[in-house]
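Residue-level structure breakdown
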Amino acid sequence: MNILMLAVNDPAGTAIQFCRALNRHTPHTARLATLETRYTHAWEKDLHLPDLDAAGLDELGDLMRQADVFHFHMTCDEHQPFGPHLPADHLRGKAVVHHHHGHHDFRSNPQSFRDKYARRGRANLLVSTPDLMQLLPEAQWLPNMVPVDEPLFTPLAGRFDQGGPLRVCHSPTRKDLKNTDDFLAAVQTLTGEAKGPGRSGDAADIEVDIAVDLIDDVPNTECLARKRQCHVLFDHMQGYYGVSSLEGLSQGLAVIAGLDAWNREQVARFAGTDALPWVLASTRQELEARLRELALDRDLCRTVGRASRRFMVERWSDRVVALRLAGFYEGL
């Protein structure tokens, strides 16, 4: 099958990873057309409209005509022009997929999207994280993926042999949505910077040695390289997980996130195991406790990281997810 993915911008670089994995692990052919670059993360591109010359635009038109599947990401649909080409002009005989990744327009009014899809008779709906199924109950959850065998997604040898502080990274695309303030406050408390006089001397008050790498608005390759040098990654405490979690797990980091019970149930069903690798923290107090444990017990941190990597390779590799997506297409 010929699959053409279409997006205004590639959400966290996930669409291009789907294309690469489909082309690598399945007999299908996938391409991606995008209109905008947001942030400065420099994710890989395919058919990026601002970069296309006349030949590139002609190629995109050919791909629209030849596609068996139009796979729209986020809020994009067939009425979104791609240069001189309008997907709506090429819908006849094609399967149409709508794939949501948590865009704020969707989260703020999911019913408007449900109504639109009902009017247009669209039943091929995907979401990227389990929590979004609660907003779009008609959809199936297709997990995002990372290419676990590529060097930047593998564990960095020697991280635990260097001594020094516990290195903890956090890479929020939007700090207001990723509990960044809670994270920084927890670290300040643990390192004594926010402690006043009259410390009790209890074990819970022992200052711990933590170094934070707050990775903000850098190219994705730099972001991955910096994460790979750390021991721990803090994702967020919003009840679900982000792509950052998957990157850190693949790199063999201890990954802290606040997955709620419902999300853990969905993840366990997909992975085929209840032994999930995340270090759970849903409040600032729990986050402080988990960071303290990992800082004071580096063997525990190392063990958790090894389980993280093993989980991704065995249960959540790009091949596993690509085959699931291929099966979805083949059932359309």
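The structure we're discussing is the one just above.
These figures come from a predicted structure and were not determined experimentally.

**Considerations on the sheet that holds strand β7 (residues 140-141)**
The strand order across the open sheet built from seven strands is β3-β2-β1-β4-β5-β6-β7, with neighbouring strands paired in parallel fashion. In this open sheet, the two edge strands, each paired with only one partner strand, are β3 (47-48) and β7. Bridge analysis of strand β1 (residues 2-7) against strand β4 (residues 69-73) gives four bridges, and the strand direction is parallel. From the neighbouring strand, Met 5 faces β4, where its bridge partner is His 71. Contacting β1, β2 (29-34), β3 and β4, helix α2 (residues 54-66) runs over the sheet at an angle of about 120° to β1.

**Focus on the side chain of His 90**
Mapped onto the elements of the fold, His 90 is located in the loop between β4 and β5 (95-100). Judged by relative accessible area, His 90 falls into the buried class, the value being 16%. Those residues in contact with His 90, other than ones at most four positions away along the chain, are Met 64, Arg 65 and Phe 70.

**Considerations on the pairing of β2**
For β1 and β2, the ladder comprises six bridges, and the chain directions are parallel. Each residue of the ladder has a partner; that of Asn 2, found in β2, is Thr 29. With helix α1 (residues 14-25) bridging β1 and the parallel β2, this β-α-β connection has right-handed handedness. For β2 and β3, the ladder comprises two bridges, and the chain directions are parallel. From the neighbouring strand, Thr 34 faces β3, where its bridge partner is His 48.

**So, the side chain of Glu 247**
Here Glu 247 shows up in helix α7 (residues 243-250). With a relative accessible area of 8%, Glu 247 lands in the buried category.

**Some remarks on the pattern of salt bridges**
Within the structure shown, the criterion is met by 20 salt bridges. Note that Arg 31 and Glu 59 form a salt bridge whose closest N and O atoms lie 3.1 Å from each other. Of the two residues, Arg 31 sits in strand β2 while Glu 59 sits in helix α2, which places them 28 residues apart along the sequence. Its relative accessible area of 21% is what places Arg 31 among the partly exposed residues.

**As for the pairing of strand β8 (residues 166-170)**
Burial of β8 is extensive: five of the five residues sit out of reach of the surface. Both faces of β8 are covered, namely the face carrying Leu 166, Val 168 and His 170 and the face carrying Arg 167 and Cys 169. Pairing of β8 with strand β9 (residues 210-214) involves five bridges; the strand directions are parallel. By the bridge assignment for β9, Cys 169 is matched with Asp 213.

Parameters at a glance
Residues numbered from 1 in each chain as written. Predicted model: local features only at pLDDT ≥ 70, side-chain atom pairs only at ≥ 80, totals over all residues. Heavy atoms only, no water. Pairing = 2+ DSSP bridges. Helix = DSSP H or I, 4+ residues; strand = E, 2+ residues; numbered from the N terminus. Contact = heavy atoms within 4.5 Å. Axes fitted to C-alpha atoms, helices over the stretch in contact; angles between N-to-C directions. Buried < 20%, exposed > 50% of the residue type's maximum accessible area, 1.4 Å probe, protein only. Right-handed = clockwise from strand over helix to strand, strands pointing away. Salt bridge = Lys/Arg side-chain N within 4 Å of Asp/Glu carboxyl O.

None of this, on its own, says anything about what the molecule does.
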